[in-house]
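Coordinates in review
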Amino acid sequence: MGDSNTITVDPFEEERPKETHFHARMAVLNIRENWAAWNGYKLANYFYDAEYEYFCVRNGCGTYDICGMQKYFVSGKDAEAMLNRMVTRDISEMNVDRVTYLVWCTDEGRLIDDGTVFKLGHEHFMLTCGSPSLAWLEKSCYGFKDVSIVDMSERIAALALQGPTSCEVLKKMGLKDIDTLKPFGIKHFPFGASKDKPLMVSRTGFTGDLGYELWIKPELALEMWDSLYDAGEDYHIQPFGEAALNMARMEAGFIMPLMEFNEALKTIHFRHDHTPFQLSLDWLVDFKKPHFNGRAALLKEQHDGPEYTLVKLDIEGNKPAEECNVYSDKGCENEIGYVTSAMWSPVVKANIALAMVKTKYLKGEIWAEIYYNKELRSYTKVSRCTVKEKPFWTHPRSRATPPLPY
Amino acid sequence: MNQYDAIVIGAGHNGLTNAAYLAKAGLEVLVVEKNDYIGGAAVSRELHEGWIYSSCSYVCSMMRQAIHRDLNLTKHGLLLVPYLGNVAFGDNGETLVGYTDEEANYNALRKISPHDADAMFRLHADLARYAQLIRKTLLRTPPDPTSFRPRDIDELLWLAKQFWGLGEKELYEYIRFFTMSAADYLEDYLENDLIKATMASAGIIGTALGVYSPGSAYILLHHVMGDVDGNIGAWGLARGGMGAISQSLAGALQESGGKIRLNAGVRKILVRNQKAVGVVLENGDELHANIVVSNLDAKRTFTQCMDEDDLPSGIFNKAKNFKIRGSSGKVNIALSGLPKFKGVPNNRYVNRGGQAFVGSLETMERAYDDWKHGCWSKDPFIESVIPSAWDPTVAPPGKHWMSNFVQYCPAELADGPWTPEKRNTFGQTIVDKIERYSPGFRELIVHMEVRTPHEIEAEVGLTEGNIFQGELTIDQLLFNRPFPGYAQYRMPIKNMYMCGSSTHPGGGVSSACGANAAREILMDLRLDNTVPDDDFYDE
Ligand SMILES: Cc1cc2nc3c(=O)[nH]c(=O)nc-3n(C[C@H](O)[C@H](O)[C@H](O)COP(=O)(O)OP(=O)(O)OC[C@H]3O[C@@H](n4cnc5c(N)ncnc54)[C@H](O)[C@@H]3O)c2cc1C
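Residues numbered from 1 in each chain as written. Chains lettered and ligands numbered in written order. Predicted model: local features only at pLDDT ≥ 70, side-chain atom pairs only at ≥ 80, totals over all residues. Heavy atoms only, no water.

**Side note on the packing of helix α6 (residues 168–179) of chain B against helix α9 (residues 216–224) of chain B**
All names here are of chain B. Put simply, the test is: With axes taken as lines fitted to C-alpha atoms, and helix axes fitted only over the stretch in contact, angles between N-to-C directions fall between 0 and 180 degrees. Numbered from the N terminus, helices here are DSSP runs of H or I no shorter than four residues, and strands are runs of E no shorter than two. By definition in this entry, angles of less than 35 degrees are roughly parallel, angles greater than 145 are roughly antiparallel, angles of 65 to 115 are roughly perpendicular, and the rest are oblique. In what follows, a contact means two residues having at least one pair of non-hydrogen atoms within 4.5 Å. Each residue gets one label: Ala, Val, Leu, Ile, Met, Phe, Trp, Tyr, Cys and Pro are nonpolar, Asp, Glu, Lys and Arg are charged, and the others, such as Gly, are polar.
Contact geometry of α6 with α9 gives a least axis separation of 5 Å together with a crossing angle of 100 degrees. Judged on the interaxial angle alone, α9 and α6 are roughly perpendicular. Side by side, α6 and α9 meet where Tyr174, Phe177 and Phe178 of the first sit next to Ala217, Tyr218 and Leu221 of the second. Looking at side-chain class alone, the contact of α6 with α9 contains six nonpolar, no polar and no charged residues.

Following this line, the structure appears as structure tokens:
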């Protein structure tokens, strides 16, 4: 008895989610205390109102904590060759200070994960991805002599800044010539007291609009946050959580693990994972380059055509087609696929979804059987779907350099 | 060229919607607009460099999603952004903060009245039920109750079914709604005056009625029936101001080959053999068309743009007597910074939402008394919002503007005509009132646009400055709008139609009037109907 005041060890310490390098600032702004988790880190589901945060991304700008993202330095004389054998895209033509989006597969051509490669130097790359991939990376080094993998996940603080005013904010923050940075480009900037250029900015993101990602060492994380928020004050800056990100990425037509795809290494049932062709990522597979993981299987897949294809659907009505099946007939007798993500899109004013549909049925009618709930009663509704080729939302400013005025 | 398939008079948002659908159906369409800008009461104007005012309408919740989606207005630049929160200010400095978060909202109400915090759930459920019913009628042409055409009978049956669906008791309640005052209606639910006043204020917006006047309950409903992305009762801002709505509609119109002519006020609608055949412009130009559609209010259309002799007897008088009293003013204020309000948490959300200077039920009623006596309210009800706090494009960074919608302000003053001096004094009344709740407000003012019904009529052409193009009382609603027998967008002259807010479902930025009218026109031309309905909006 009596020592309850002197407890110094938190008996739950190991179980609690870790706090990211920006946590101190985000916790203050998380009015709703609504946290999710990502790779062991606390990550806001939303801070104040998910839809409001989503609109900040479309209207002003928002920040999204990507400290939970996995980051690996891949370096050495063989780094490029090693990565090029691992991923399906050809990275041998990449210039320094460029980023590229890519995927990597098993020998069977099944997708392990998607991610981005940053070419930081001739023999120095950074690979980022959603799930820990250290084991696979190390396996992929087999046969290469001069390549090292360093897990930087905890040693780099990273924050995405997305939305129409994002470039203005960075300008105001003093990042000279940020407006000359092209999509998928990288620039390094001086920051704080430091003599070198500790702040790396890439023009990348996951929202389909103008946006940047900021990379810095953890010691400078909070100072960077403050400086960004000072600059952003008059440009409608707001932190956003996973809920808003999910809305924005769906409108942009981007895929998400555990929604559109299962990581092949974690899938129990073969056929519950996917090839890049099924995910409509054909453009990420380059058969012209030398051998790479999954090449033979993917060649066959290309030749045979994928059984399923991920498509964008515009669905009649306004009830999100979450977790529903799609059919080739209004009577819902012939099932031809399933919806992977769905939402009412507030900017486009359309009922949108991504869905895996049997390729051979894509030219015909597609009907979704939608279930929804109203005051404890459940209802069903069958709605016609139209396949869309383009992302539901894009804006010319996201591709223009300098970005168009907000 | 001066021969068109259709001429639409007025580039208000309804005129543009109508024209867009006619053009989409392949007609050669010309919109003629008297001003050198489009939009009518849905307009954005840069009157002071760097600041963009929504000069008239300022928030949006009635815009039909089906139209937005069908005309792809997003592609044409439209982005509707909901704003959060609302603060109501009482006479004695009390504040009531309305939060978007249900729990927070409940706690805030409870601080003032635990009774009302509970009662609010029932009130909202009831309002939602009634609103749902009206919402279903928005994109439908009202039936003519005296007609035996199958279509009218079907539509009447549909309406009856909707109403009967409420159940007998609710039906009686519903009918009462059309005749009750907002204050009386709320009496059955609420006890706290500030809460009642806050709710009742929606019943007098844009309306020549007081909170105790019969009929104001319906206006309340009209203002809470809208939604933003399914959030019923929520209001949004159009990015770039309300003019963005009109601009995007113009984009859709032009994409289909439709044309707009500015500085082209119509003096007369040309009638030959009881058929509309075109228009004569103020400059004397004659333009011909197989169809003429008026976006102007009913009074203006018939009493100013037509000869009494061209009309069947009775119509001219009906138009003359159309109830269209103006009662609102609009004061747009450019500010050098974000104002702060007494008694409101100074956080990044609440201090930036909407403000309602309601005072109390009594204060609002006295404000109405002033109007009845032919002067503006000395202590007016003001509904405000600071669009720049939500939209980075309408003021320079760090600067703001505040939209103030004022009840009441008469179209004609008891002491003689409006003068610039009187207008300024009216403007100062508003500034004085805001200053009471936001000390230092006056110092922030960079520019002001003060609009009384007089300016609204002169600039937008809304007769008497009535914001709805005609009052929303039961004698002028549904199949009575604008006149009994003429609620189906066809006018007494052949080939002539109406598509403005004077028609069903009335005022507000909804595109519904224009779309419904287009559907009727296409039907008369035996063209395929391409105008969407709202049926997907499955409640
Ligand atoms: C101050 C104010 C505030 C309001 N606030 C809101 C709000 O916040 N939210 C909301 O939903 N609604 C609001 N309303 C109501 C809403 O704006 C109107 O009901 C709606 O915009 C009317 O649209 P319309 O197309 O029917 O007509 P109008 O906008 O009235 O369009 C008529 C057009 O015809 C033109 N015209 C007039 N005479 C002639 C002529 N002789 N020849 C050629 N052209 C002519 C006019 O210039 C105008 O462009 C407000 C209105 C006002 C005035």
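Here the narrative resumes.
**Looking at the interface of chain A and chain B**
Operational definition: Two parts lose some accessible area (1.4 Å probe) when they are put together, and adding that loss for both gives the buried area. The term salt bridge refers to a pairing of a side-chain nitrogen on Lys or Arg with a carboxyl oxygen on Asp or Glu at a separation within 4 Å. Think of a polar contact as two N or O atoms within 3.5 Å of one another; within protein, one of them needs to be a possible hydrogen donor and the other a possible acceptor, and neighboring residues in sequence only count if both atoms come from side chains.
With 38 residues of chain A at the interface, the matching set in chain B holds 32 residues. Summing both partners gives a buried area of about 3000 Å² for chain A against chain B, and 51% of it is carried by carbon and sulfur. Among the residues of chain A in contact with chain B, Tyr48, Asn59 and Lys349 of chain A are the three that bury the most area, contributing 23% of the side total. Residue Arg32 of chain A is joined to Asp101 of chain B by a salt bridge in which the shortest nitrogen-to-oxygen separation is 3.9 Å. Summed over the shared surface of chain A and chain B, the result is 14 residue pairs in polar contact (both at pLDDT 80 or more). Of all the elements in the fold, those that place two or more residues in the side of chain A that touches chain B are α2 (50–59), β13 (237–239), β14 (308–315), β17 (350–358) and β18 (366–374) of chain A. Examining the composition of the side of chain A that touches chain B, we find that five residues originate from one element, α2 of chain A, more than from any other. For the side of chain A that touches chain B, the per-class residue count stands at 17 nonpolar, eight polar and 13 charged.

**Some details on the site of the ligand**
Residues and elements named next belong to chain B. Convention followed: Whether a residue is near a molecule or strand depends on its heavy atoms: if one lies within 4 Å, it is near. To be clear on the numbers: accessible area is Shrake-Rupley with a 1.4 Å probe, and residue cover counts the displayed protein chains and nothing else.
Every one of the 35 residues lining the ligand counts as a neighbour, but Glu33, Ala41, Val59, Val266 and Ser501 are closest to it. Lys34 is positioned with one of its backbone polar atoms (N or O) 3.2 Å from a nitrogen atom of the ligand. Take Val59: an N or O atom from its main chain is 2.8 Å from a nitrogen atom of the ligand. Compared with its free state, where it exposes 1000 Å², the ligand has 97% of that area covered by protein. For the shell around the ligand, the secondary-structure elements that each account for two or more residues are α1 (13–24) and α15 (453–460).

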